[in-house]
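Spelled out, the chains give:
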Amino acid sequence: FAVKAQSGNISGQIKNESGEVLSQARVMLVNSNGLNPRMETTTDDKGNFCITPLSPGKYTVLCMCKGYSNAAEQNVVVSDGKSTNLVIILKLHIRM
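What comes next concerns the included structure. (Residues numbered from 1 in each chain as written. Predicted model: local features only at pLDDT ≥ 70, side-chain atom pairs only at ≥ 80, totals over all residues. Heavy atoms only, no water.)

Remarks on the overall build of the protein chain
Reasoning step 1: The helix and strand inventory of the protein chain stands at zero helices and seven strands.
Reasoning step 2: In the protein chain, the succession of helices and strands from N to C terminus is β-β-β-β-β-β-β.
Reasoning step 3: Relative to its 96 residues, the protein chain shows a buried fraction of 34%.
Reasoning step 4: A sequence separation of at least 24 residues applies to 56% of the contacts in the protein chain between residues at least 6 apart. (Helix = DSSP H or I, 4+ residues; strand = E, 2+ residues; numbered from the N terminus. Buried < 20%, exposed > 50% of the residue type's maximum accessible area, 1.4 Å probe, protein only. Contact = heavy atoms within 4.5 Å.)

Structure, rendered in structure tokens:
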């Protein structure tokens, strides 16, 4: 019998506090169990991203965009055959 590979994905949208989408935001993924290397992508012109295939487990999603403070979503769960959807809000970075 064939063994089916287990995988899921994390997708979502990056926005600012006003609800405007952020294109070309950098999205990095780190898996705490070490089964996947660090993965990275950028958002499209509608602020959307998708990282796939991912082994089931817990991940930290790091988001960066010029002019904004970095954000991290921790313990994001990926399940076999499922898509985990996120909306991440980045705050404007104010220099003092």
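Examining unusual backbone geometry
Reasoning step 1: Of the consecutive residues Thr52 and Pro53, the connecting peptide bond is found in the cis state with omega at -10 degrees.
Reasoning step 2: Tracing the backbone through its elements, the reader meets Pro53 in strand β4 (residues 48-54).
Reasoning step 3: Its identity as a non-glycine residue notwithstanding, Asn75 has a phi of 55 degrees, on the positive side.
Reasoning step 4: Counting through the fold element by element, Asn75 comes out in strand β6 (residues 71-78).
Reasoning step 5: The class of Asn75 is exposed, set by a relative accessible area of 54%.

Points about the pattern of salt bridges
Reasoning step 1: For the structure shown, the criterion picks out one salt bridge.
Reasoning step 2: Between Arg26 and Glu40 there is a salt bridge, with the nearest N and O atoms lying 2.7 Å from each other. On the criterion of sequence distance, the pair formed by Arg26 in strand β2 (residues 26-31) and Glu40 in strand β3 (residues 39-42) is long-range, its members being 14 residues apart.
Reasoning step 3: Owing to a relative accessible area of 49%, Glu40 belongs among the partly exposed residues under this scheme. (Salt bridge = Lys/Arg side-chain N within 4 Å of Asp/Glu carboxyl O.)

Points about the sheet that holds strand β5 (residues 57-64)
Reasoning step 1: Across the sheet, which stays open at both edges, the four strands sit in the order β3-β2-β5-β6 with antiparallel pairing between neighbours. If you trace the sheet from one side to the other, it starts and ends with β3 and β6, each paired once. Neighbour-to-neighbour, the strand axes of this sheet turn through a mean angle of 25 degrees, independent of strand direction.
Reasoning step 2: Sheet analysis places β2 next to β3, joined by four bridges and oriented antiparallel. Bridge pairing links Leu29 to Met39 in β3. (Pairing = 2+ DSSP bridges. Axes fitted to C-alpha atoms, helices over the stretch in contact; angles between N-to-C directions.)

Here we look at the nonpolar core
Reasoning step 1: The biggest cluster of nonpolar side chains holds 20 residues, and the ones touching the most others in it are Ile10, Ile14, Val61, Ile88 and Leu90.
Reasoning step 2: Setting aside residues up to four positions removed in sequence, Ile10 forms contacts with Leu29, Phe49, Cys50, Ile51, Leu54, Tyr59, Val61, Val76, Val78, Thr84 and Leu86. (Core = buried A, V, L, I, M, F, W, Y, C linked by side-chain atoms within 4.5 Å.)

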